[in-house]
Amino acid sequence: MSKSRVLATQAVLATGNAGKLREMAALLAPIGLQLRAQGGLGIAAAPETGVTFIENALQKARHASRSAKLPAIADDSGLVVPALGGAPGVRSARYAGNHATDAQNNRKLIASLAGLENRTAWFFCALVFIEREEDPAPLLATGIWRGRIIDQPRGGGGFGYDPHFLIPHLGRTSAELAAEEKNALSHRGQAVAALLGQLRERSAPT
Ligand code: ITT
């Protein structure tokens, strides 16, 4: 893919999650923006008080942009399980407690689903780009990736709930996909592709 210059030359990536950082750096490479991870700039995690992924993504982007004085890109994402009333949802990173590990969150997920037949789930990603803290017109893109939750973890790739997230038509979990395969299909991959389209449109000559 050819590089096309967007409005900014640098942006802060408003996430402290190493798995997301890896995926987003690969997915955002085509825009030729110099991306700075918020951790590397000494920026702490933003409070996430929203009810929706979209609200939280905006909160994270504003917090990072204010602190870095740079445009910001933020991802808020998680797993939505209808049989659990939408949980873990916006609390996906903290499902088993505020500083829970992926393993603890996964154990809670499987325990919560014990005896339930409906294993449908989807990952949701809200991605936001703002040029500055008070940007009145953020770019927003979303992505949804549907699958099923399985009890036994499979695969060593990805992060978070990936070992329990089965993509039925592939017969593999998202942790069993190569990084490029996951990026081509995932909620985050879909959202980044849509955001890149919006960024190109915004920077095209009128
Ligand atoms: P930042 O806020 O710093 O970005 P975080 O991990 O707290 O990091 P979120 O609040 O957006 O980020 O929570 C995302 C959680 O959802 C993440 O910790 C995983 O548990 C889960 N998740 C999101 N995308 C995922 C993916 O692609 N594969 C597996 N789990 C994912």
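A quick note: this is a predicted structure, and the numbers were derived from the prediction, not measured.

(A) Just the confidence of the model for the protein, in detail. Per-residue confidence for the protein gives a mean pLDDT of 94; residues scoring 70 or more make up 97%. Note on residues 1–5: pLDDT under 50 across the span, and 14 contacts to partners over four residues away in sequence or across chains.

(B) Looking closely at the site of the ligand. Taken together, the neighbourhood of the ligand is formed by 20 residues, with T15, G16, K20, K60 and K182 sitting nearest. Note that an oxygen atom of the ligand is positioned 2.9 Å from one of the side-chain N or O atoms of N17. D162 has a polar side-chain atom sitting 2.9 Å from a nitrogen atom of the ligand. Here the ligand, which alone exposes 610 Å², has 92% of that area covered by the protein. With respect to the pocket detection grid, the ligand is positioned in the largest pocket. Among the elements that make up the shell around the ligand, the one with the highest residue count is strand β3 (residues 72–80) (four residues). Grouping the amino acids of the shell around the ligand by side-chain chemistry returns four nonpolar, eight polar and eight charged.

(C) Structural view of the pattern of salt bridges. With the rule as written, the count across this model stands at 13 salt bridges. The partner of K182 in a salt bridge is E23, with the nearest N and O atoms 2.7 Å apart. In this pair, K182 sits in helix α4 (residues 179–185) while E23 sits in helix α1 (residues 18–28), placing the two residues 159 residues apart along the sequence. Classification of E23 as buried rests on a relative accessible area of 8%. Between K60 and E48 there is a salt bridge whose closest N-O contact spans 3.7 Å.

(D) Molecular detail of the side chain of N105. Inspection of the secondary structure assignment puts N105 in helix α3 (residues 102–112). When near neighbours in sequence (up to four residues on either side) are disregarded, N105 contacts S92, A93, R94, Y95, A96, A100 and Y161.

(E) Local environment of the layout of surface pockets. Of the pockets and cavities examined, the largest pocket occupies roughly 750 Å³. In this structure, the largest pocket is lined by 34 residues; those nearest its centre are N17, K20, E48, K60 and A93. Elements supplying a minimum of two residues to the lining of the largest pocket: α1, β3, α3 and α5 (187–203). With four residues, β3 is the largest single contributor of residues to the lining of the largest pocket. A breakdown of the residues in the lining of the largest pocket according to their chemical character gives eleven nonpolar, 14 polar and nine charged. Roughly 150 Å³ of internal volume is contained in the second largest pocket. At the level of elements, α1 and α4 are the ones that each hand at least two residues to the lining of the second largest pocket. Counting residues per element, the lining of the second largest pocket draws most heavily on α1, which supplies four residues. Considering only residue class, the lining of the second largest pocket consists of four nonpolar, five polar and three charged.

Conventions we followed
- Residues numbered from 1 in each chain as written.
- Predicted model: local features only at pLDDT ≥ 70, side-chain atom pairs only at ≥ 80, totals over all residues.
- Heavy atoms only, no water.
- pLDDT = per-residue confidence, 0-100.
- Contact = heavy atoms within 4.5 Å.
- Near = heavy atom within 4 Å.
- Polar contact = N/O pair within 3.5 Å; in protein donor to acceptor, adjacent residues only side chain to side chain.
- Areas by Shrake-Rupley, 256 points an atom, 1.4 Å probe, with all protein chains shown as cover.
- 1 Å grid on protein atoms, 1.4 Å probe; cavity = no way out; pocket = protein on both sides within 12 Å on 5 of 7 lines; lining within 4 Å.
- Sits in = over half its atoms within 2 Å of the grid points.
- Helix = DSSP H or I, 4+ residues; strand = E, 2+ residues; numbered from the N terminus.
- Nonpolar A, V, L, I, M, F, W, Y, C, P; charged D, E, K, R; others polar.
- Salt bridge = Lys/Arg side-chain N within 4 Å of Asp/Glu carboxyl O.
- Buried < 20%, exposed > 50% of the residue type's maximum accessible area, 1.4 Å probe, protein only.
- Points joined across faces, edges and corners; volume = space filled by probe spheres on them.

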